[in-house]
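Commentary on secondary and tertiary structure
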Amino acid sequence: MLMEYMKKITQKLGIESNIDRHSIKSKNNANADLEYWEIQNEKMDTDAYVIYRCDKDYYFEIEVYDEIKEQLKNNENMTSYAKFIFVFDNLEKQTEQFDKLYKKGNAIAKKKLRKLFYNDSDVSIVYTDDANISFSLEDNGINYLEYHYHESTTNSKELISKKLNGYIYNISYFDLEKLFLVQGNRLFRKNIRIGITKQNQTKNEIEKKFKEYILNGLFNEINIDNNISKEDKIKLKNLLTESGYFNTTINLPETFWFNHNGVTIYIENSNKNQKNLLNRENNHISFNSDNAHIINGAQTTTKMYNQFHEITMKINELINKDSSSINFDIKATVQKLKKDLKIKTIFIEGDTKYVETITEGLNTQIAISEIDKLPSEKETQNINDKLKDVHIKIIRPGEYEDNNHISVLTFAKLYCMSILEPGKSKNLNRDEVDSLLEKASNDENLASNIKLMVEADYWWVNRAKNEFDNIYDKENKFVNILKYGKNYFCSYVMKLNVDDYSEEILANIFYDFIDEFKTIDNTLEANEFKKDDLFKKIEENLLLKDNNIKSEKQFTKFKSSFKTNKSKILEFLNREDNKNLNMNIRLSRYFKDILPMDIDFRTITREKNNKKEFYPKETYPFSSKSFTEIIDNYEIKYEESLFKKEIEKNINLFVLDKENEKIKDIHFLPGFTFSAYNENAKKVFEKTLNAFKIGDETLFPKSSNNISFHIRPKALNAEDTFEFSNGTQITKRAFYANKETIAEILEKRLNENKL
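Each chain carries its own residue numbering, running from 1 in the written order of its sequence. Totals for whole chains, interfaces and linings use every residue, but because this is a predicted model, local features are given only for residues with pLDDT of at least 70 and side-chain atom pairs only at 80 or more, for both listing and counting. Water and hydrogen atoms were dropped before computing side-chain values, which therefore reflect all heavy atoms in the structure.

**Topic: the pattern of salt bridges**
Where side chains of opposite charge bring their charged atoms close, a pairing between them can arise. The salt bridge criterion pairs a side-chain nitrogen of Lys or Arg with a carboxyl oxygen of Asp or Glu, the two atoms within 4 Å. Across all of its chains, the model carries 25 salt bridges by this definition. Salt-bridge contacts for Asp-55 lead to Arg-53; the nearest nitrogen and oxygen are separated by 2.9 Å. Taking the relative accessible area as the measure of exposure, Asp-55 reaches 0% and is therefore buried. Here Asp-175 and Lys-178 are joined by a salt bridge, their closest N and O atoms 2.9 Å apart. Residue Asp-175 and its partner Lys-178 are located together in helix α5 (residues 173–183), separated by three residues, close to a single helical turn. Exposure is judged per residue with a 1.4 Å probe applied to protein chains only, and the accessible area is read against the type maximum: over 50% gives exposed, under 20% gives buried, and values in between give partly exposed. With relative accessibility at 3%, the residue Asp-175 sits in the buried group. A relative accessible area of 28% means that Lys-178 is categorised as partly exposed. A single network of salt bridges, built from pairs that share partners, joins Asp-33, Arg-53 and Asp-55. Every helix listed is a DSSP run of H or I at least four residues long, and every strand listed is a run of E at least two residues long, numbered separately from the N terminus.

**Focus: the nonpolar core**
Counting 79 residues, the largest nonpolar core has Phe-60, Leu-218 and Ile-265 as the members making the most contacts within it. For this core, the leading source of residues is helix α6 (residues 201–224), giving eight residues. To define a nonpolar core, start from buried Ala, Val, Leu, Ile, Met, Phe, Trp, Tyr and Cys residues and group those joined through side-chain atoms within 4.5 Å.

**Quick notes on the sheet that holds strand β11 (residues 284–288)**
Whether parallel or antiparallel, the strands of a sheet pair through hydrogen bonds between backbone atoms. A pair of strands is considered paired only if DSSP assigns at least 2 bridges between the two. One open sheet accounts for three strands, arranged β6-β11-β10; its pairing is antiparallel. One side of each edge strand has no neighbouring strand; the edge strands of this open sheet are β6 (132–136) and β10 (279–280). Here β10 runs beside β11; their pairing, made up of two bridges, is antiparallel. The residue of β11 that forms the bridge with Arg-280 is Ile-285. The contact rule is simple, with two residues in contact once any of their heavy atoms fall within 4.5 Å. Helix axes are fitted only over the stretch in contact, all axes being lines through C-alpha atoms; the angle between N-to-C directions runs from 0 to 180 degrees. Taken strand by strand, α5 contacts β6 and β11, and its axis lies near 170° from that of β6.

**Comments concerning helix α27 (residues 678–694)**
Quick reminder: α-helices carry 3.6 residues per turn. Residues three or four places apart thus point the same way. By this rule, a helix spans an expected 1.5 Å times one less than how many residues it contains. Its 17 residues place the ends of α27 24 Å apart at the C-alpha level, agreeing with the 24 Å of an ideal helix rising 1.5 Å per residue. Turning to α27, its buried residues are Asn-678, Ala-681, Val-684, Phe-685, Thr-688, Leu-689, Ala-691 and Phe-692. For α27, the angular spread of the buried residues around the axis is 155°, confining them to a single face. Facing away from the buried side of α27, by more than 90 degrees, are the exposed residues Glu-679 and Ile-694. Just past α27, the residue Gly-695 takes up positive phi, approximately 80°. Throughout, the arc means the angular range of directions from the helix axis out to the C-beta atoms.

Geometric values such as these leave the question of function open.
Structure, rendered in structure tokens:
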């Protein structure tokens with residue numbers, strides 16, 4: 001990437017530090033322009049980005065994105081949690097690329113595209129078009145109002161002067177859209193709500209009215225356009241009407257100004273010495289859009305853009321498909337409609353301290369309820385401070401909700417689950433939210449508990465149905481658990497005090513969760529899951545169990561069963577319906593029905609290397625706790641550490657030899673251990689302690705040090721961090737065994753088994 005171009009990207013991202021850049025090559029498209037950036041941020045930690053150019057003559061490909069994601073996972077010099085930055089010229093170009101890909105994609109690809117382009121919190125969009133905007137004013141700008149406010153305060157050193165300047169103009173949607181095209185959703189970062197994310201009556205009504213304004217204007221333009229023949233006008237109006245596009249006598253474009261509250265654009269002055277952020281001339285008003293926020297009118301800006309785009313695209317398709325060759329330029333007509341649609345626009349130039357109160361006062365198109373305002377309340381802010389450590393935040397209504405950004409009500413429900421009240425969470429009264437927030441704000445374990453609930457909830461939504469379908473048919477009485485049991489499952493995970501919420505662990509817990517209901521004589525109707533009585537029965541059952549008792553007789557029976565059923569196990573592992581499941585889950589599912597006992601195990605997959613020999617595919621991660629205990633106590637001795645216990649632990653290990661996407665062989669190695677490498681493990685542990693004591697993460701042992709073990713990231717995403725001993729936030733880490741170490745132990749054990 002050219003230096004000038006790179007400078008533009010770094011300015012958009014707010015990056016000022018030195019960048020370690022590496023070009024990334026794609027096999028799917030040799031012309032793709034991607035770079036991997038590692039940047040030392042202001043906290044002296046390292047942030048990682050993949051810059052994916054989709055501007056100018058470059059374009060986005062889902063295959064290239066997937067390929068690069070895989071490269072990140074398999075390259076030890078790069079982190080798999082690097083944040084992707086998609087670079088487009090502007091929103092319009094982004095939309096064009098999206099439309100092309102969306103048309104030819106299947107249902108799965110379309111869902112993925114929507115998330116990547118518009119809703120993925122791990123993807124940022126950067127536009128490179130000039131941020132300087134100029135709006136045209138009617139009648140040489142004489143039709144406007146203005147108002148000014150000046151506040152002066154004095155501290156011990158200087159006089160601080162803060163101003164608010166307000167101006168009202170009539171602006172065309174054509175100009176307003178120019179602002180949206182170069183900034184996108186970044187414009188709404190100061191608004192109470194970005195948009196209504198869920199379908200509801202209010203949202204549908206807004207979209208319907210906006211559509212009517214555009215269609216009524218469109219029909220009017222067709223009537224008065226002298227470039228369209230009378231015959232073509234009749235054909236065109238019939239074509240539109242037959243396709244569901246109607247002309248009505250209400251919501252005419254000329255009346256939009258009277259029927260709509262308007263838009264408020266706040267020009268932020270973050271530098272008290274900065275002047276002329278808003279340049280007003282006779283017939284133009286100009287400003288740098290990087291300083292702009294739309295604090296009222298997000299619905300107008302986004303929904304009008306979407307409706308104009310959708311109507312233009314669909315009518316253009318209709319005309320192109322029609323065999324009568326109608327002569328009509330839909331794009332030119334739409335551009336004229338955008339210029340004719342006038343919007344009352346308030347410009348406010350001033351300090352950011354006034355934004356919150358102004359925003360609350362202006363958002364009246366969709367009334368702000370008390371629940372909308374809660375994210376600004378003291379308890380909620382206190383909760384967000386606690387949740388920072390796990391990078392979860394209670395968001396404003398209308399902002400995109402995902403695992404790390406949750407609404408007030410979602411948080412309240414998750415908190416109920418964490419305090420083992422899943423029934424209450426499912427039947428939560430909004431009036432109880434305030435008391436729950438107050439209680440949560442004083443909960444010392446809030447962050448870790450909510451994190452666990454978020455992960456359990458996410459797993460259920462994405463995996464539970466697949467797991468259930470592989471165990472039971474749709475007529476099974478337990479199907480109601482799948483329908484209504486999500487909140488119960490989350491509380492069940494909480495009750496077990498799980499410290500490892502990996503996918504395979506949660507899948508195994510899911511099987512146990514379903515089994516709990518086999519001993520409960522209940523109808524399992526929806527209403528039962530809205531109470532906590534049923535969950536109390538599950539808690540009682542858990543107290544009666546001791547899952548750690550596994551007799552030698554049972555274990556001998558298991559080993560015998562494994563040997564006699566080896567061919568059946570391989571057949572099961574290679575079944576097409578198991579293809580998307582990891583090996584731990586596949587094996588757990590198979591063994592669940594063989595013996596009435598639990599077996600704790602790990603798996604290692606081997607694939608053929610350059611020497612045509614089976615070799616470990618990945619390094620071996622130890623429990624996160626064996627590393628995190630150092631964070632609070634880096635004076636701990638190796639002999640007292642959890643890491644030493646992990647090293648000396650006997651593991652039931654399954655080794656799976658994979659070739660051409662099929663498992664060719666499986667070996668069972670009970671008592672697998674790293675204890676022979678205790679000396680090297682101690683060296684690695686002490687080097688890690690030393691890195692903590694000095695406060696330098698670069699001193700963490702690496703696999704290239706060749707001392708059997710190393711430290712590397714083990715996090716859910718790039719935001720999953722901890723505070724290092726130097727006070728900076730760095731990505732969570734864990735101890736890992738080198739591939740060479742695993743290979744040596746496996747070779748010795750497998751050779752012993754042959755004797």
